[in-house]
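# Analysis of the macromolecular model
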Amino acid sequence: MIGSLFGRGMGLLAWLGGIGLAAGPADGAAAGPFVRPPYAGAYEPQGVDERGLWMDLDEFERDLGQSPGVVRDPGLNAFVRQVLCDTVGADRCGALRCYIVADSRFNAFMAPNGMTVIYTGLLARLHSQAELAGVLGHEFAHFERRHSLAGALRQRSAGNWSAWISLLGVLTAVRTGAVRQELQIGLIAFTRGQEGEADALAARLVEGSRFRLAMAAVWRRAIEEDDALRREKGLRRVRHDITSLADDHPADGQRMAMFAAEELRVGSRGLDGGAEYAAATEPELPLLFAALVRGRDFAVADYVLRSRGEALGWSGALLTLRGDLFRLRGHPRDLVTAEELFGQAIAAGRAPPEAWRGLGLVQLRRGNAAGKAALASYLTLAPSAADAPLIRNLLDSGP
Ligand SMILES: [Zn+2]
């Protein structure tokens with residue numbers, strides 16, 4: 001997991017055993033001095049405990065494959081997989097299967113059997129292929145070093161076997177047909193040392209790939225997002241550069257500093273891929289941001305939306321999402337802001353139909369009859385939208 005735990009130790013990697021450090025690219029695609037060691041094939045579970053874990057994971061994965069909470073967009077799935085394969089290498093990538101899951105949190109993980117889960121909240125917060133490569137490289141490092149396997153087997157020996165993957169919410173959702181999805185992997189507890197090892201290996205993987213190392217900015221934004229949340233809740237602002245002895249959690253600032261130093265060492269070599277990232281995620285923006293926009297943390301959602309807009313540009317879809325965020329909070333001043341945002345979305349061109357819906361609803365709430373025309377435009381643009389009957393009712397019932 002990337003969002004919760006931290007390793008202070010950033011020592012040398014055991015991963016390579018020295019053999020991979022020879023200079024020169026492994027193949028035409030690898031530009032850096034780092035060479036991936038030869039791939040020995042997917043890890044085979046050893047012994048009864050591990051084989052039992054694999055069976056449970058495989059069963060869970062079959063259910064996850066049917067879950068309504070999984071994002072199906074073939075273009076977005078292919079894009080994420082390609083970044084993963086370009087980062088870890090095609091051979092290692094062959095052992096991994098990706099699932100994009102609707103969840104507003106900033107997280108991703110790889111289970112020991114190769115099941116890779118990427119939250120929509122993660123994709124909403126990243127701005128480039130290079131950043132995605134860094135995050136997936138970190139998760140792959142846990143996988144390759146079998147950190148999560150050690151955690152799972154510790155849990156099992158503690159008699160708390162099934163709790164390790166408390167993915168039960170997802171299974172329940174599948175079996176009851178409920179759309180709501182809870183995916184809790186909170187029981188995977190990596191140690192600080194493991195987090196440090198994963199960060200260090202991620203840096204080397206990205207360095208050896210076609211992407212630029214660009215993780216310091218991800219952690220800077222994580223800090224800014226946390227500060228925004230604390231301001232909104234009236235909580236004390238925390239220092240992000242220190243870790244207390246009792247705290248399992250690292251300071252995000254320490255991770256940021258580690259990556260900043262690595263980025264200085266590596267230089268600006270490699271592809272950023274911001275435009276590619278914007279293009280691949282744009283068609284699914286409503287899905288990537290849905291859980292954030294409808295969630296309870298206005299400041300977090302607003303921070304994430306604004307940081308994407310500033311980095312990748314304000315598309316009509318992104319402006320519409322921010323308009324919906326203000327419309328849903330609904331303070332009188334928010335409605336003014338929302339109306340402005342929907343207007344900007346429509347003016348920007350290629351706005352989604354929801355821009356007209358939002359504009360109409362806000363105008364009607366503010367007592368402006370022009371809202372009816374906007375809602376009529378919405379129905380023309382999206383006649384079979386799920387809420388079209390509701391909007392028609394609204395138009396028919398008013399004066
Ligand atoms: Zn981690």
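Everything numeric here is computed off the predicted structure, so don't read it as measured data.

Rules behind the numbers
Residues numbered from 1 in each chain as written. Predicted model: local features only at pLDDT ≥ 70, side-chain atom pairs only at ≥ 80, totals over all residues. Heavy atoms only, no water. pLDDT = per-residue confidence, 0-100. Contact = heavy atoms within 4.5 Å. Buried < 20%, exposed > 50% of the residue type's maximum accessible area, 1.4 Å probe, protein only. Helix = DSSP H or I, 4+ residues; strand = E, 2+ residues; numbered from the N terminus. Arc of directions from axis to C-beta. Disulfide = S-S within 2.5 Å. Pairing = 2+ DSSP bridges. Axes fitted to C-alpha atoms, helices over the stretch in contact; angles between N-to-C directions. Polar contact = N/O pair within 3.5 Å; in protein donor to acceptor, adjacent residues only side chain to side chain.

Another point: the confidence of the model for the protein chain. When pLDDT is averaged along the protein chain, the result is 81; 78% of the residues meet or exceed 70. Confidence drops under a pLDDT of 50 for residues 3-31, and excluding neighbours within four residues, the segment shows 74 contacts in the predicted structure.

Burial in helix H19 (residues 388-397) covers these residues: Ala388, Ile391 and Leu395. The arc that holds the buried residues of H19, viewed along the axis, is 65°, so those residues lie on one side. When the buried face of H19 is taken as reference, the exposed residues oriented beyond 90 degrees from it are Leu390, Asn393, Asp396 and Ser397. On its buried face, H19 sits against helix H17 (354-365) and helix H18 (371-381).

The next point concerns the state of the cysteines. All chains considered together, the criterion is met by one disulfide. The disulfide bridge from cysteine 85 ends at cysteine 93, spanning 1.8 Å between sulfur atoms. Its S-S torsion of approximately -60° makes the covalent link between cysteine 85 and cysteine 93 left-handed. Given the relative accessible area of 16%, cysteine 85 is considered buried. This cysteine, cysteine 98, is not joined by any disulfide, and cysteine 93 carries the nearest cysteine sulfur, 6.6 Å off. Overall, cysteine 98 belongs to the buried group, its relative accessible area being 16%.

A few words now on the sheet that holds strand S2 (residues 108-110). If you walk across this open sheet you meet the three strands as S1-S3-S2, and the pairing is mixed. Edge positions in the open sheet fall to strand S1 (97-101) and S2, since each of these has one partner strand only. Across this sheet, the average inter-strand angle for adjacent strands is 15°, counted without regard to direction. Relative to strand S3 (residues 115-119), S1 runs parallel, the two being bridged by five bridges. The partner of arginine 97 across the bridge, within S3, is methionine 115. Contacting S2 and S3, helix H5 (residues 129-144) runs over the sheet at an angle of about 30° to S2.

This brings us to the side chain of asparagine 77. Structurally, the position occupied by asparagine 77 is in helix H2 (residues 74-88). For asparagine 77, the side chain forms a polar contact with the main-chain oxygen of aspartate 73, separated by 2.8 Å. Excluding its chain neighbours within four sequence positions, the residues that come into contact with asparagine 77 are Val71, Arg72, Cys98 and Ile100.

Taken across its five residues, S3 has five buried, putting it largely inside the fold. Where burial is concerned, the two faces of S3 agree: the one with Met115, Val117 and Tyr119 and the one with Thr116 and Ile118 are both buried. Pairing between S2 and S3: three bridges, direction antiparallel. The partner of methionine 110 across the bridge, within S3, is threonine 116. Between S2 and S3, which pair antiparallel and follow one another directly, the connecting turn spans four residues, one of which, glycine 114, has a positive phi of 100°.

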